[in-house]
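Residue-level listing of the chains:
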Amino acid sequence: MDPADETEQPPPPCALDKFHISPEYGFLLPDPQVGPPPSLPGMGSPRGPRQGLTAPQLSAAQLHGHRDLRLAHLVLGFITAGYVWQDGEEGPAKVLPQNLAVPFWEVSRRLGLPPILLHADLVLANWRDLSTCANLDPIVWLPGGESLRGFVLVTMLVEKAAVPGLQVPLGMPRVRGIGRGLSAWSGPGRCCTPALPQAPPEPACARGTEQPVLDPLPCAALQWATLPSWWRDNPAMPAGLLYEGVWELPQAYSGGSAAQSTVLHAFDAFLGVRHHEESSAFLHRMRDYMPPRHRAFVEAIQALPPLRELVLSSGNEALHCAYNRCVTALAAFRTRHIAVATKYVVTATAAKRSRGSPGTSPLQAAPSRPEQRGTGGSPVLRFLKSVRDATREALLNV
Ligand code: HEM
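Just so it is clear, the model here is predicted, and its values are computed rather than measured.

1. Focus on the overall build of the protein chain
Then step 1. Each helix and strand in the protein chain was counted, giving 14 helices and four strands.
Then step 2. Classification of the 398 residues of the protein chain by burial places 45% in the buried group.
Then step 3. Taking the contacts inside the protein chain whose residues are at least 6 apart along the sequence as the reference set, 80% of them involve residues at least 24 apart.

Here it is, written out as structure tokens:
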């Protein structure tokens, strides 16, 4: 008898929808767009969002249901980002006016999210038509942000590719299903790419083809989206952002980053990857930027009996191999990601510094991650390598 099948326990009394996970779309908000794309005040204005933002204070009272609130968060997050960064690092707004701050705070409070543009907005709630890669499009967009668009679309595709992997951890009975669960992830005798997301594809490709566009260097708009030091640990805004009419003191929040994607946190938790102290602190902080139900999914996985120890103590060679194939695929994803981040963030930042920013749109002049300045981006790379190396350390000796 397969030792992994010795003890059968009932599956945990939880379904994916309890965690706001769609069987079809995973953490992506299912079919977010119901009407025409929202128009953002001032985003298309040559004078920029600050001048365009003349609307009276909005009320969130009319918004009902999770989807409405998520879309409102998406739109308000974009307007806020435009408002703060329209003049780039040189002149970020330090105060968010009440007519924007109050509704953003109210929507955020109801969702349990921070009032800033998040991965949950930019990627999870910002898509339409996933039928083919060529049709996939964001709902809300930025002027001049074609490069950023490529980054966002690729991340959406990774979220979608991860869906089969999300079904496994909570769907399987505690011990009996481990063998089947890991096989579902890894497939017999092969790598677990069908269910673990593929390594992020190089997103430098053309619209209308099967892959999204990401222009080569320097790519300031991309940094705008990928670097989470918006009004936290950012020398351009040392005190943070004052949300007028909400708080008396400025608040420090990190902006959207794929480090806020629940996918990788869930896989790490399931496989028992233990990150090194500093990386772990950053990754844990990023969980505060996830929708609360998604965060609860990671916590529910952590509350399961530890898979790695169960596999280790099973003495089952096939199980060891299946587990190792999953860990290897996760590490390979991260190795590929390091290459992508090096090309589009680290090298791009250095090139931007030496040439000066092209700044074709106000938003493209947004700040770079502070740690990158004067260091060639090595802290970012050290972080990504540490996360990858910790993944490898989970491998079992067979
Ligand atoms: C051009 C594409 C990309 C670039 C330039 C990029 C850049 C970065 C950078 C600089 C970080 C360090 C943390 C931060 O500053 O936010 C990071 C972290 C991370 N990124 Fe990306 N990224 C890209 C695509 C993706 C994609 C498609 C995914 C898929 C979900 C992804 C997932 C992650 C994750 C999960 C982390 C946290 C570290 C980890 O768990 O391995 N990234 N990325």
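Anyway, onward from the coordinates.
2. A closer look at helix α11 (residues 292–302)
Then step 1. Of all the residues in α11, the buried ones are His294, Phe297, Val298 and Ile301. Along the long axis of α11, the arc covered by the buried residues comes to 95 degrees, so they all point the same way.

3. Concerning the nonpolar core
The nonpolar side chains of soluble globular proteins are, as a tendency, buried together.
Then step 1. Core analysis: the biggest nonpolar cluster contains 79 residues, and Val75, Ala266, Leu271 and Leu330 have the highest contact counts within it.
Then step 2. When residues in this core are grouped by element, the largest group, eleven residues, is from helix α2 (residues 65–85).
Then step 3. Counting residues in hydrophobic clusters, the runner-up holds seven residues, among them Tyr344, Val380, Leu384 and Val387.

4. Here's the deal with the UniProt feature "binding site: heme b" (unreviewed entry) in the protein chain
Then step 1. Under the local residue numbering, the UniProt record ascribes the feature "binding site: heme b" (unreviewed entry) to His337.
Then step 2. With respect to the helices, strands and loops of the structure, His337 is situated in helix α13 (residues 317–355).
Then step 3. Since 18 C-beta atoms lie within 10 Å of it, His337 is described here as partly exposed.

5. Some thoughts on the packing of helix α9 (residues 262–271) against α11
Then step 1. α11 packs onto α9 with a crossing angle of 10 degrees between their chain directions and a minimal axis gap of 8 Å. When the interaxial angle is binned, α9 and α11 end up roughly parallel. Across the interface between the two elements, Thr262, His265, Ala266, Ala269 and Phe270 of α9 pack against His294, Phe297, Val298, Ile301 and Gln302 of α11.
Then step 2. Each residue belonging to the contact of α9 with α11 can be placed in one class, and the counts come to six nonpolar, four polar and no charged.

6. Observations concerning α9
Turn by turn, an α-helix covers 3.6 residues, leaving residues three or four places apart pointing in a common direction.
Then step 1. Where burial is concerned, most of α9 is hidden: ten out of the ten residues are buried.
Then step 2. All of the buried residues in α9 are Thr262, Val263, Leu264, His265, Ala266, Phe267, Asp268, Ala269, Phe270 and Leu271.
Then step 3. Remark: Gly272 follows α9 within two positions and exhibits a positive phi of approximately 75 degrees.

7. Notes on the environment of Ser254
Then step 1. Tracing the chain through its elements places Ser254 in the loop between β4 (242–243) and α9.
Then step 2. What makes Ser254 buried here is the crowd of 23 C-beta atoms within 10 Å.

8. Some remarks on the environment of His73
Then step 1. Within the fold, His73 resides in helix α2.
Then step 2. When the C-alpha atoms of His73 and Leu307 are compared, they prove to be 36 Å apart, with 234 residues separating the residues in sequence.
Then step 3. Other than its neighbours up to four places away in sequence, His73 contacts Val107, Ser108, Leu111, Leu113 and Asp121.

What counts and what doesn't
- Along each chain, residue indices are assigned from 1 in the same order as the chain's sequence is written.
- Under the rules for a predicted model, residues below a pLDDT of 70 receive no local features and side-chain atom pairs below 80 are neither given nor counted, while totals for whole chains, interfaces and linings still include all residues.
- Helix numbers and strand numbers start at the N terminus; a helix is a DSSP run of H or I with at least 4 residues, a strand a run of E with at least 2.
- Using C-beta atoms placed from the backbone, we call a residue buried if 20 or more other C-beta atoms fall within 10 Å of its own, exposed if 12 or fewer do, and partly exposed for counts in between.
- By definition, residues are in contact whenever their C-beta atoms, placed on the basis of the backbone, come within 7 Å of each other.
- When we speak of the arc, we mean the arc of directions from the helix axis to the C-beta atoms.
- The term nonpolar core means buried Ala, Val, Leu, Ile, Met, Phe, Trp, Tyr and Cys residues held together as one set by C-beta atoms within 7 Å.
- UniProt positions are given in the numbering used here, feature names are shortened, and annotations may be inferred rather than shown by experiment.
- Structural elements are reduced to axes, namely lines fitted to C-alpha atoms, with helices fitted over the stretch in contact, and the angle between N-to-C directions of any two is expressed from 0 to 180 degrees.
- Note on terminology: angles under 35 degrees are roughly parallel, angles over 145 are roughly antiparallel, angles of 65 to 115 are roughly perpendicular, and the others are oblique.
- Put simply, Ala, Val, Leu, Ile, Met, Phe, Trp, Tyr, Cys and Pro go in the nonpolar bin, Asp, Glu, Lys and Arg in the charged bin, and everything else, Gly too, in the polar bin.

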